Amino acid sequence: SNPLEVIELCCTHLPSLILLDIEMPEMSGFDLCVKLKASELTKNIPIIFSTGHTTAEFEQKALAHGAVDFIPKPLHSGVLALRVKNHLKIVNQAQDLEAANYKLHAEKEQLHVTLSSIGDAVIATNQNLEVTFINPTAERLTGWTSSEAIGQRVDEIMKLYEASTGDKLINPLAVSLREKRTVGMALNAKLVSKTGTEFRVEDSASPILDSDGKMIGGVIVFQDKTDAIAMATQMSH
């Protein structure tokens, strides 16, 4: 019967649903609804208006204020119970979806941090060989920043050549997606970065499959072997 008490109780107990009348002392149910929707604590709690005002004007006003339902009086207990039950089910489904999205986001962030922290270069693409992810090591070796690389074809980002002849090489990720298997790079390959710097690299490319085994993209992992090859050449000499 006291709208101010409603606000206090809702902030304290955070109910799953509020059943609200329009005619109340001190302020109307509409005004109370506005205050509840303005509070960070109660703005997402669904509100059902139950009132003796049965005209379409009041129903439209209730829905415009953010109510999820409008039940005219006199109330039928069975109908009321079913409507409340259905709305609570929607609330629970929304909470489950929010929790699943939060978990998915946390897992994605963890994966992103992991791939960004490893020493190997990593580039992921979609089925069209367009870059969807590039980690900092790959940025350094290719000379492309993440914002520049996303959406570009991988063979544009990774310009690969045969180190001895200078012949252009096919990116192994293209072969991997075409043949749907893990593919290694040619042994004598070099990567020419956006700035013209050359790196001797070794890598492997693999298709990315979803839970149903459908190919949704690919990933290529490569390492800078320039110093190792130079050292081997010196030792051989």
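In this report, we go over the structure that sits alongside the text. Keep in mind the model is a prediction, meaning the values are calculated, not measured.

### Comments concerning the state of the cysteines
Step number 1: The final tally for this structure, using the stated rule, is zero disulfides.
Step number 2: The thiol sulfur of Cys11 is not disulfide-bonded, and the nearest other cysteine sulfur, from Cys10, lies at 6.9 Å.
Step number 3: With no disulfide of its own, Cys33 lies closest to Cys10 among cysteine sulfurs, the gap being 11 Å.
Step number 4: Among the residues examined, Cys33 registers a relative accessible area of 0% and is labelled buried.

### Section: the packing of aromatic side chains
Step number 1: Taken as a whole and assessed by the stated rule, the structure comprises two aromatic pairs.
Step number 2: With a centroid separation of 6.5 Å and an interplanar angle of 20 degrees, the aromatic rings of Phe30 and Phe58 are classed as stacked. Here Phe58 lies in helix H3 (residues 56-64) and Phe30 lies in helix H2 (residues 29-38), a separation of 28 residues in the sequence.
Step number 3: Judged by relative accessible area, which is 4%, Phe30 ranks as buried.
Step number 4: Against the face of Trp144 rests Lys194, its NZ or CZ located 4.5 Å from the ring centre.

### Quick look at the sheet that holds strand S2 (residues 47-51)
Step number 1: On the basis of which strands lie adjacent, the open sheet formed by three strands has the order S1-S2-S3 and parallel pairing. Edge positions in the open sheet fall to strand S1 (18-20) and strand S3 (69-72), since each of these has one partner strand only. Put simply, the sheet's adjacent strands are angled 25 degrees from each other on average, direction ignored.
Step number 2: Looking at chain direction, S2 and S3 are connected through four bridges and run parallel. Opposite Phe49, over in S3, you have Phe70 as the bridge partner.
Step number 3: With respect to the sheet, helix H4 (residues 77-117) is in contact with S1, S2 and S3, its orientation differing from that of S3 by roughly 170 degrees.

### Here's the deal with the packing of helix H1 (residues 3-13) against H2
Step number 1: Their axes nearest at 10 Å, the elements H1 and H2 cross at an angle of 25 degrees. Regarding the angle of H1 to H2, the classification is roughly parallel. The handedness of the crossing between H1 and H2 comes out as right-handed. For the pair H1 and H2, the contacting residues are Pro3, Val6, Ile7 and Cys10 in the first and Leu32, Lys35 and Leu36 in the second.

### Topic: the pattern of salt bridges
A pair can form between side chains of opposite charge whenever their charged atoms are brought close.
Step number 1: Per the counting criterion, the structure on display carries eight salt bridges.
Step number 2: Between Asp69 and Arg83 there is a salt bridge whose closest N-O contact spans 3.2 Å. Residue Asp69 is located in strand S3, and its partner Arg83 is located in helix H4; the two are separated by 14 residues in the primary sequence.
Step number 3: In this structure Asp69 comes out as buried when scored by relative accessible area, which is 15%.
Step number 4: One salt bridge connects Asp155 with Arg153, and the closest N-O pair in it is separated by 3.4 Å.
Step number 5: With a relative accessible area of 31%, Asp155 lands in the partly exposed category.

The rules behind these values
- Each chain has its residues counted from 1, following the order in which its sequence is written.
- Local features in this predicted model are restricted to residues whose pLDDT is 70 or higher, and side-chain atom pairs enter the listing and the counts only when it is 80 or higher, whereas totals over whole chains, interfaces and linings include all residues.
- Heavy atoms from the whole structure form the basis of all side-chain values; hydrogens and water molecules are not counted.
- By disulfide we mean two sulfur atoms from cysteines, separated by a distance within 2.5 Å.
- Each residue is placed in one exposure class: buried if its accessible area under a 1.4 Å probe, protein chains only, is under 20% of its type's maximum, exposed if it is over 50%, and partly exposed if it falls in between.
- Here is the rule: rings of Phe, Tyr and Trp (six-membered ring for Trp) pair when centre to centre is within 6.5 Å. Planes less than 30 degrees apart are stacked, more than 60 are edge-to-face, and the remainder are tilted.
- Starting at the N terminus, helices and strands are each numbered in turn, a helix being any DSSP run of H or I of at least four residues and a strand any DSSP run of E of at least two.
- Placement of a positive charge over a ring is assigned whenever Lys NZ or Arg CZ falls within 6 Å of the ring centre and within 35 degrees of the normal to the ring plane.
- Between any two strands, pairing holds if DSSP finds at least two bridges.
- Orientation is described by axes fitted as lines to C-alpha atoms, over the contacting stretch for helices, and by angles from 0 to 180 degrees between their N-to-C directions.
- In what follows, a contact means two residues having at least one pair of non-hydrogen atoms within 4.5 Å.
- By definition in this entry, angles of less than 35 degrees are roughly parallel, angles greater than 145 are roughly antiparallel, angles of 65 to 115 are roughly perpendicular, and the rest are oblique.
- Should the near helix be turned anticlockwise from the far one by less than a right angle, the crossing is left-handed, and should it be turned clockwise, the crossing is right-handed.
- Any Lys or Arg side-chain nitrogen found within 4 Å of a carboxyl oxygen on Asp or Glu counts as a salt bridge.

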